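Examining the three-dimensional arrangement
Each chain, letter by letter, is given below.
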Amino acid sequence: MKNLNILLAFLFFSFASIAQNVEFDKNLFKDKKDEFKAAVKNLDEGNKLLDYAPFPLYKQALPFFEAANEFNPNNADLNFKIGLCHLNSNMKFKALEYFEKAYKLQPTVNTEIQYYIGRGSQLSQQWDKAIKAYEAFKNTLNTKTDMERIMETSKHIEECRNGKKLMVKPVRVWIDNMGKNINSQYPEYGMIMNADGSEIYFTSRRPNSAGNSSDDFGGYFEDIYMSEEANKEYQAAKNVGEPINTKGHDATVALSPDGSKMLVYIDDKGDGNIYESVRKGSEWSKPKKLNSEICSPYHEPSAWYSPDMRKLYFVSDRPLSGKGAPKDKDIYVASWDAKKEIWTNIERLPETVNTPYDEDGIFMHPDGKTLYFSSKGHSTIGGYDIFYSVRQDDNSWSTPVNIGYPINTPDDDVFFVVAANGKDAYMTSFREDGMGEKDLYKITFLGEEKQPMLNTEDILLAGKGVTMREKVIEPKIEIKRSSLSLLKGIIRDNKTKAPVMAAIEVIDNEKNEIIAEFNSDPVTGKYMVSLPAGKNYGIAVKAEGYLFHSENFDIPKESDYQEYEKNVDLKKVEVGEVIVLRNIFFDLNKYSLRPESQNELDRLTKLLNDNPSIRIQISGHTDSRGSDSYNKDLSHNRAKAVVDYLIDKGISSGRLEYQGYGEEQPIVTDTEIAKLRLPQDKEDAHQSNRRTEFKIISK
Amino acid sequence: MKKPLYKLVICCTVLFFSQIQISWSQDAETIVEDSTSQNLISIEAQEKFNAGVEALESKNYEQAVDAFSEAITLAPEFSKAFLNRGYAYTELKNTEKAVSDFTRSVELDPTLHQAFFELALIAENSDQTEKAVEFYSQAIRAKGDNYKYYYQRGLLYFEAEDYEKAKEDFTSSVSLKKDFAFGYNERGSTNRMLEQYDEAIKDYQLATLHDDKLVIAFNNLGSVYRKKGELDNAIRAYDNALKAEPKNHLSLNNRGYAKFEKGNYAAAIEDFKAAVQIKSDYAYAYNNLAAAHIKLEQFKEAESACDKAIGIDNEYGYAYYNRGVAKEMLRNVSGACNDWLRAAELGVAAAQTYYKNSDCNNQ
């Protein structure tokens, strides 16, 4: 009797543990007729939305299916459909449990159920389970008739293998939601920024958009919003309004490094093109479609400027022949023709970058070399992953590198921008802890792990009893340096402080070559330019009616990303005004002019030629190291060398005086230098004291 | 009647070696026959000398000085009376007179190696290293089979970082006294400084073989194993050190470090905590504790341990550096920058790099 009870109990639990498919059959729910009717109605409604043409409306179907599932949770087909809805929604990771349940209830629920279990597992980062399911699905396929499906499944298997590898060493990052000033319960995506990240723009589908209406899918039209950084926080985002935002969809594409030009995407009735808007002060011009070399009859969803604005990288699905059906999306580059004012000379980036799969979402870093893009090819772990490739000195591109987990996920990862500092990046992501829908996230790259330092000590000599601290060799530090710096500032009148539109030249002093020419904003006087590290730069600022202003500075190769703020107050041509000639150079302890002084001397010559009535005094100054008499002689001879140059260039000697002041007139006093903490700061202070100046003594 | 043999008590040597915790019991008293000058010294002088020796033995140093002085008055070339009076002056902390007497004694009798040795010790105590080395050398020339003289000179060479010469002396020392554990330990450390780690290991093993309570040698053995990357052997050696002296904070700190290097951070934390339990002002162990917490991403605990290390030693660069690392991970970037700047000022190169190559410059 006892044994029989045990057997019955075993059989009961065995049957109970095998779930069974429960059909929506009224005979099975005789005592719940009303509820059954309601569930069937929900099921029918969901099915209709799933069969909606031209696209199934998964998001809309899901609540109906979920309501039906609440009544009958053990219907295999319904579980499968809920899985499908999740798979095509933001909550992709929820799909797996429904596919698995559908399979458990009825293994034949769908001929592709193993494929979907694979998809669900992959999206849940359960790589081994995904590979197993994909393999099982592949085994059901016919190698002659299902080749495309076999290849697709094999690719997913490869993606899972990539995922396994990538997760072994996650990238050290902080990922932070950008907060309520930026994000909302509606979708936010496609953030773009100027080089220093002081201004950001993004696309959002919120109520009160320019069109204030929704599209066929129930979502609000896209509009572009902007936010400015203040006190290290982005302020509440504002709709940029007209003329950038229109009644239709308006989406961000790119921003020039100085924030003076914006590229926007306009659907153009499905054609999809890139438009450009130009800013003066805070006003944006009406976006103008880029020329037809860029905006082809095919789809161009993404583009980005090179920092010198001489190149435009863009994405297009145009066929290689230029005719016929579109192909997969690839990355192209165009050159700016300054005379014709068009983008021309279109080149497709090589196969190193472009794959047989889609590339999209490009971003050219302000270093001008590192191209970030999303790709469904390369070593993706699923969908689009973000990669970067670096343009080499010979113009080839390095093998793209997957930027790693957790930035990349098995879902689509696009819209990735990196600040000039190389440490902060921004992405669009849907996360459970977000504010609803897609949100913008800030990624802070932490770099290589900083190794802590320890000390040990031993009593080496028993006969001395003195502890000796072991010499610790400090570990090597892995530093991924950003190879550029940002120079930015405002050009103003030195007396009225009114912004001035000035022509700015940046000179590579070693090559004695102008590497950038640009103007400050006519309304705000602001300018910004990114410069590669490892060079000595001269900067000349010129504006009509003002004395030119020059600066000189080094960006050491070993230095990390730096932002240099050079606000320049231009002086009018008036008696008594003094200008430091920062780009006049002498050899150490000598007074012969170095060749790289030529640009500065020529600017001075031009100033004297343009203002034939002015007389100037050239003065030489040294730092306080060395004897007074030596410094005085050296500064005197250096001032004379400048005057000799000017005379040689045809300036009358009667207009020129010179004086050597030695160390008498420092910009930074010795007392102030003594207070500086770091040796480099002290050296910089001495450097600023070594200078050549000119002063207008009559007009 | 034949007079008793003259006695010399090398008490100063005993005192010195007791300071360095070496047991010299076998040398506590040395009897020297004055065979060379005995016949030239009057009986009265010898009697005064013996009275002086007795006074020395009974620690009546002033009385000893008087007795030896009388002996010297009676026999102005009585070298050993000068030597013994030198000892008495040493005890009376009258170094000047002691030096004078020791010097006079070797002028009278250059074979008086003990006087050279005492002069060497006095020179060493007054940081006159070169002079001390010379006196030890003279002692060795006078008596080449005394392992202590080689040993003492070896220590000086070691401190002067002349490891080759130190090694030679420690080798002479242990070859004269084959069970001399200290000698093996010191030669082991010399080999360690010469980066001859295998030889160092052998020496430390010999040291522990001859003295299984010599914690220092176990510790050193562990540290050389650690340098060689043989972390299990290192931990075993530290275990032995702790078996000999369970509350040795150095052994705990070092074992913690070995465990840290092995990646066993939780066990390392236990050792570092035990070290600070024993020695609550042990800044190194607090700093190391912080390092282990950093590896376990326990940044608050790391910051707190660094606070303690800095509280003990406010010029401890690594503690500032590590606290900077912890603060950065706690997202206190400005705090991290301040700590790295301070660490950089204290000479931590890595801190300077992080300070220069981080957000610190753009705060």
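Residues numbered from 1 in each chain as written. Chains lettered and ligands numbered in written order. Predicted model: local features only at pLDDT ≥ 70, side-chain atom pairs only at ≥ 80, totals over all residues.

1. Re the overall build of chain A
- Helix and strand content of chain A: twelve helices and 36 strands.
- In terms of overall dimensions, chain A is more spread out than a globule: its C-alpha atoms have a radius of gyration of 34 Å, far above the 27 Å expected for 699 residues.
- Seen through its C-alpha atoms, chain A measures out along the principal axes to roughly 125 × 85 × 45 Å.
- Counting every position in chain A, which comprises 699 residues, the buried fraction comes to 41%.
- Sequence-distant contacts, at least 24 apart, represent 56% of the contacts inside chain A between residues at least 6 apart. (Helix = DSSP H or I, 4+ residues; strand = E, 2+ residues; numbered from the N terminus. Rg over C-alpha atoms; globule rule 2.2 N^0.38 Å. Buried ≥ 20, exposed ≤ 12 C-beta atoms within 10 Å, placed from the backbone. Contact = placed C-beta atoms within 7 Å.)

2. Some remarks on the overall build of chain B
- Looking only at helices and strands, chain B has 20 helices and two strands in total.
- When burial is assessed residue by residue, chain B has 53% of its 363 residues classed as buried.
- Pairs at least 24 apart in sequence give 45% of the contacts found in chain B among residues at least 6 apart.

3. Here's the deal with helix H3 (residues 61-74) of chain B
Residues and elements named next belong to chain B.
- Between its terminal C-alpha atoms H3 stretches 20 Å, which fits the 20 Å expected from 14 residues at 1.5 Å a residue.
- If you check which residues of H3 are buried, you get Tyr61, Ala64, Val65, Ala67, Phe68, Ala71 and Ile72.
- Each element contacted by the buried residues of H3 is listed here: helix H2 (43-57) and helix H4 (79-91). (Expected span 1.5 Å × (residues − 1).)

4. Notes on the packing of helix H12 (residues 215-227) of chain B against helix H13 (residues 231-244) of chain B
All names here are of chain B.
- In contact at an axis separation of 7 Å, H12 and H13 are set at 165 degrees when each is read in the N-to-C sense. Put simply, H12 runs roughly antiparallel to H13. Judged by the twist between their axes, the crossing of H12 over H13 is left-handed. For the pair H12 and H13, contact is made by Val215, Phe218, Asn219, Leu221, Gly222, Tyr225 and Arg226 and by Leu231, Asn233, Ala234, Ala237, Tyr238, Asn240, Ala241 and Ala244, respectively. (Axes fitted to C-alpha atoms, helices over the stretch in contact; angles between N-to-C directions. Parallel < 35°, antiparallel > 145°, perpendicular 65-115°, else oblique. Left-handed = near helix turned anticlockwise from the far one by under 90°.)

5. What to know about the pairing of strand E30 (residues 549-555) of chain A
Residues and elements named next belong to chain A.
- Direction of pairing for strand E29 (residues 535-542) relative to E30: antiparallel, over a ladder of seven bridges. Each residue of the ladder has a partner; that of lysine 535, found in E30, is isoleucine 555.
- Following E29, the chain reverses through six residues before pairing antiparallel with E30; glycine 545 in that reversal takes a positive phi of roughly 85 degrees. (Pairing = 2+ DSSP bridges.)

6. So, the UniProt feature "domain: OmpA-like" (unreviewed entry) in chain A
- Under the UniProt annotation, "domain: OmpA-like" (unreviewed entry) lies at residues 575-699 of chain A.
- The annotated region residues 575-699 of chain A carries 41% helix and 18% strand content, and the separation between its end C-alpha atoms amounts to 6 Å. (UniProt positions renumbered as here; feature names shortened; annotations may be inferred.)

7. What about the nonpolar core?
- Formed by 121 residues in total, the largest nonpolar core has its most connected members in B:Ala120, B:Ala290, B:Tyr321, B:Trp340 and B:Ala351.
- Excluding residues that lie within four positions of it along the chain, B:Ala120 makes contacts with B:Ala132, B:Phe135, B:Tyr136, B:Ala139 and B:Gln152.
- Counting 91 residues, the second largest nonpolar core, distinct from the first, contains A:Ile244, A:Ala303, A:Ile407 and A:Ala420. (Core = buried A, V, L, I, M, F, W, Y, C linked by C-beta atoms within 7 Å.)

8. Observations concerning the sheet that holds strand E16 (residues 359-364) of chain A
All names here are of chain A.
- Read from one edge of the open sheet, four strands run E16-E17-E18-E19, paired in antiparallel fashion. Pairing within the sheet leaves two strands with one partner each, and these edge strands are E16 and strand E19 (401-402).
- Bridge analysis of E16 against strand E17 (residues 370-375) gives four bridges, and the strand direction is antiparallel. Residue pairing for E17: glutamate 359 is matched across the bridge by serine 375.

9. Observations concerning the sheet that holds strand E20 (residues 417-418) of chain A
Residues and elements named next belong to chain A.
- With antiparallel pairing, four strands are arranged side by side in an open sheet as E1-E22-E21-E20. Both outer strands of the open sheet, strand E1 (173-177) and E20, are each paired with one neighbouring strand and no more.
- Relative to strand E22 (residues 439-445), strand E21 (residues 424-429) is paired through six bridges, and the arrangement is antiparallel. Bridged to serine 429 within E22 is aspartate 439.

10. Section: helix H6 (residues 113-123) of chain A
All names here are of chain A.
- Within H6, eleven of the eleven residues are buried, which leaves it mostly tucked inside the rest of the structure.
- Of all the residues in H6, the buried ones are Ile113, Gln114, Tyr115, Tyr116, Ile117, Gly118, Arg119, Gly120, Ser121, Gln122 and Leu123.
- Buried residues along H6 sit in contact with helix H4 (76-87), helix H5 (95-105), helix H7 (127-139) and helix H8 (147-168).
- Note on H6: the residue one or two positions beyond its end, glutamine 125, has a positive phi of about 60 degrees.

11. A word on the confidence of the model for chain B
Residues and elements named next belong to chain B.
- Residue-level pLDDT values for chain B average 87, and 88% of them are 70 or greater.
- Confidence over residues 1-38 falls short of pLDDT 50; this stretch has 51 contacts with residues more than four positions distant or in other chains.
- Reported confidences for the modelled complex are a pTM of 0.72 and an ipTM of 0.82. (pLDDT = per-residue confidence, 0-100.)

12. Things to note about the domain arrangement of chain A
- Here chain A is described as being made up of domain 1 (18-168), domain 2 (173-445), domain 3 (483-572) and domain 4 (575-699).
- Taking the mean C-alpha position of each, domain 1 of chain A and domain 3 of chain A sit 59 Å from one another. (Domains from an automatic or database assignment.)

13. Looking at the environment of A:Thr524
- Within the element layout of this structure, A:Thr524 appears in the loop between strand E27 (513-519) and strand E28 (526-532).
- Through-space distance from the C-alpha of A:Thr524 to that of A:Arg655 is 37 Å; in sequence the pair is 131 residues apart.

14. A look at the environment of A:Tyr225
Residue and element names in this part refer to chain A.
- With respect to the helices and strands, the residue tyrosine 225 is situated in strand E4 (residues 223-230).
- Separated by 15 residues in the primary sequence, tyrosine 225 and valine 240 place their C-alpha atoms 5.3 Å from one another.
- Setting aside residues up to four positions removed in sequence, tyrosine 225 forms contacts with Tyr201, Phe202, Ser204, Ala237, Lys238, Asn239 and Val240.

15. What about the pairing of E29(A)?
- One ladder, built from six bridges, connects strand E26 (residues 503-508) of chain A with E29(A); its direction is antiparallel. By the bridge assignment, A:Ala503 is partnered in E29(A) with A:Lys542.

16. Some remarks on the confidence of the model for chain A
- For chain A, per-residue confidence averages 86 on the pLDDT scale, and residues scoring 70 or more make up 92% of the total.
- Taken together, the stretch residues 7-17 of chain A has pLDDT below 50 and engages in zero contacts with residues farther than four places along the chain or on a different chain.

17. Observations regarding the packing of helix H14 (residues 249-261) of chain B against helix H16 (residues 283-295) of chain B
Residues and elements named next belong to chain B.
- Between H14 and H16, whose axes approach to 10 Å, the crossing angle comes to 20 degrees. In terms of their interaxial angle, H14 and H16 are classed as roughly parallel. Relative to H16, the crossing made by H14 is left-handed. Here His249, Asn253, Gly256, Tyr257 and Phe260 of H14 lie close against H16, whose contacting residues are Tyr284, Ala285, Asn288, Ala291 and Ala292.
- Of the residues contributing to the contact of H14 with H16, the split by class is six nonpolar, four polar and no charged. (Nonpolar A, V, L, I, M, F, W, Y, C, P; charged D, E, K, R; others polar.)

18. Focus on unusual backbone geometry
- For the peptide bond that leads from A:Ala53 to A:Pro54, omega is 0 degrees, which places it in the cis range.
- Inspection of the secondary structure puts A:Pro54 in the loop between helix H2 (33-50) and helix H3 (58-71).
- The peptide bond linking A:Glu242 to A:Pro243 adopts the cis configuration, its omega dihedral lying at 5 degrees.
- By the element assignment, A:Pro243 lies in the loop between strand E6 (238-239) and strand E7 (250-255).
- Positive phi, close to 60 degrees, is recorded for B:Glu195, a residue that is not glycine.

19. A closer look at the environment of B:Pro110
Residues and elements named next belong to chain B.
- With respect to the element layout, proline 110 can be found in the loop between helix H5 (95-108) and helix H6 (113-125).
- Accessibility expressed as a C-beta count within 10 Å gives 14 for proline 110, which makes it partly exposed.
- Considered as a pair, proline 110 and alanine 139 are 29 residues apart in the sequence and their alpha carbons are 9.2 Å apart.

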